[in-house]
Amino acid sequence: MAGNIEKSLVGGVLHLEFTSDDGRNTMDDDWFERLDQALESASGDRNVRVVLLSGRGAAFCSGMNLRAATSGFLGDGFAGSPLSRVSHRLADFAKPLVAAVHGSAIGGGTTLLLHCDLVVAAAETKFRLPFPSLGIVPEIGSSYLLPRAAGWRLASELILLGNLFDAQMAQRAGIVNSVVESGKELATAREWADQLAAKAPVPVVESKRLLHAEHLAGLHAAIDREGEALAAAVQRGEFREAVAAFAEKRAPDFSAFH
């Protein structure tokens, strides 16, 4: 099931912790809305200098809740949807974003990290970008950000093949800054967040703006291109077959589709 986002603010660091009853921390429209609202609030709160993301349970974030995605997800198109709003919010977010990753980061759980400024991953973390395997396409700006972080060939391997990859490969691909012993990822990310929160706030924000300024227009355009393609993809038979296969615990059969 999709989960909640718990908030705590200590020393200028707003900790957004993903939670759910099953510990998988999947995404749906309500989840996107909660994350968007939390980031919007953080943007205008002078007491928040840094946002720290982490997950509680077995996973950092297991990506889209596929069953929820079959019931009206992007049925009215991408523009104005919760996914559109949070994707553009992440692209524009002015304050530092730090993430602590453990367990697994699947689909949107990985693409979300591409918007973070600093990412710490536990050594045993598994990542996957399974978009074509699910009959869909990349989202949250990943088709733009990942080739720039990883290079075109490695980005193609990770997205087109969609295989599981480890934290060391995620670091090589520029998704992760540092790989640490499992159990130390949150403390390390918190240490980095505290360091950022102690620095002069305007220069930190301005430095991030300067790092992002050159590619920001391209990123927003990519988010919209992806969104249009994703809205079309979730209406097609390939996606319905992938969801049925997931529910039936079998490999999808795309042989009937051309």
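Shown above is the structure to which this text applies.
In this text, all values refer to a predicted model and were calculated from it rather than measured experimentally.

Account for the pairing of strand β6 (residues 118-122), with residues named and values stated.
Along β6, 4 of the 5 residues are buried, which leaves the element largely enclosed by surrounding structure. Of the strand pairs in this sheet, strand β4 (residues 97-101) and β6 are connected by 4 bridges, and their pairing is parallel. Following the sheet pairing, V98 is matched in β6 by L118. Here β6 pairs with strand β9 (residues 178-180) via 3 bridges, running parallel. Paired with A121 across the strands is V179, a residue of β9.

Which residues make up the nonpolar core, and what values go with them?
Counting residues in hydrophobic clusters, the biggest one holds 64 residues, and the most contacted among them are V51, L113 and F127. In this structure L113 touches F60, A99, V101, A105, V119, F127 and I175, once residues within four positions along its chain are discounted. Judged by nonpolar contacts, the second largest core, of 11 residues, contains V50, L52, V180 and A193.

Please provide a residue-by-residue account of the environment of S43, values included.
Within the secondary structure layout, S43 lies in helix α1 (residues 29-44). In this structure, the C-alpha to C-alpha distance between S43 and D30, residues 13 residues apart in sequence, is 20 Å. Sequence-distant contacts of S43, that is, excluding residues within four places in its chain, are made with F93 and K95.

Now, about the state of the cysteines: what can you tell me, with residues and values included?
Evaluation of the coordinates by the stated rule reveals 0 disulfides. No disulfide involves C61; its sulfur sits 11 Å from that of C116, the nearest cysteine.

Give a detailed account of helix α5 (residues 142-150), specifying residues and quantitative values.
Looking at α5, one finds that the buried residues are S142, Y144, L145, L146 and A150. Looking at the buried residues of α5, the elements they touch are α4 (108-111), α6 (152-161) and α10 (216-233). Looking one or two places after α5, you find G151, whose phi comes out positive at around 95 degrees.

Please give an account of the sheet that holds strand β8 (residues 165-166) that cites residues and values.
Ordered by their spatial adjacency, 3 strands build an open sheet running β5-β7-β8, and the pairing between neighbours is mixed. Edge positions in the sheet fall to β5 (104-106) and β8, since each of these pairs with one other strand and no more.

Residues and numbers for the packing of α5 against α6, please.
For the pair α5 and α6, the least separation of the axes is 7 Å and the interaxial angle reads 130 degrees. The orientation of α5 relative to α6 falls into the category oblique. Seen along the crossing, α5 lies across α6 with a hand that is right-handed. Residue-level inspection shows L146, P147 and A150 of α5 in contact with α6, the latter providing W152, L154, A155, L158 and I159. Among the residues making up the contact of α5 with α6, the classes are represented as 8 nonpolar, no polar and no charged.

Conventions used here
Residues numbered from 1 in each chain as written. Predicted model: local features only at pLDDT ≥ 70, side-chain atom pairs only at ≥ 80, totals over all residues. Heavy atoms only, no water. Buried < 20%, exposed > 50% of the residue type's maximum accessible area, 1.4 Å probe, protein only. Helix = DSSP H or I, 4+ residues; strand = E, 2+ residues; numbered from the N terminus. Pairing = 2+ DSSP bridges. Core = buried A, V, L, I, M, F, W, Y, C linked by side-chain atoms within 4.5 Å. Contact = heavy atoms within 4.5 Å. Disulfide = S-S within 2.5 Å. Axes fitted to C-alpha atoms, helices over the stretch in contact; angles between N-to-C directions. Parallel < 35°, antiparallel > 145°, perpendicular 65-115°, else oblique. Left-handed = near helix turned anticlockwise from the far one by under 90°. Nonpolar A, V, L, I, M, F, W, Y, C, P; charged D, E, K, R; others polar.

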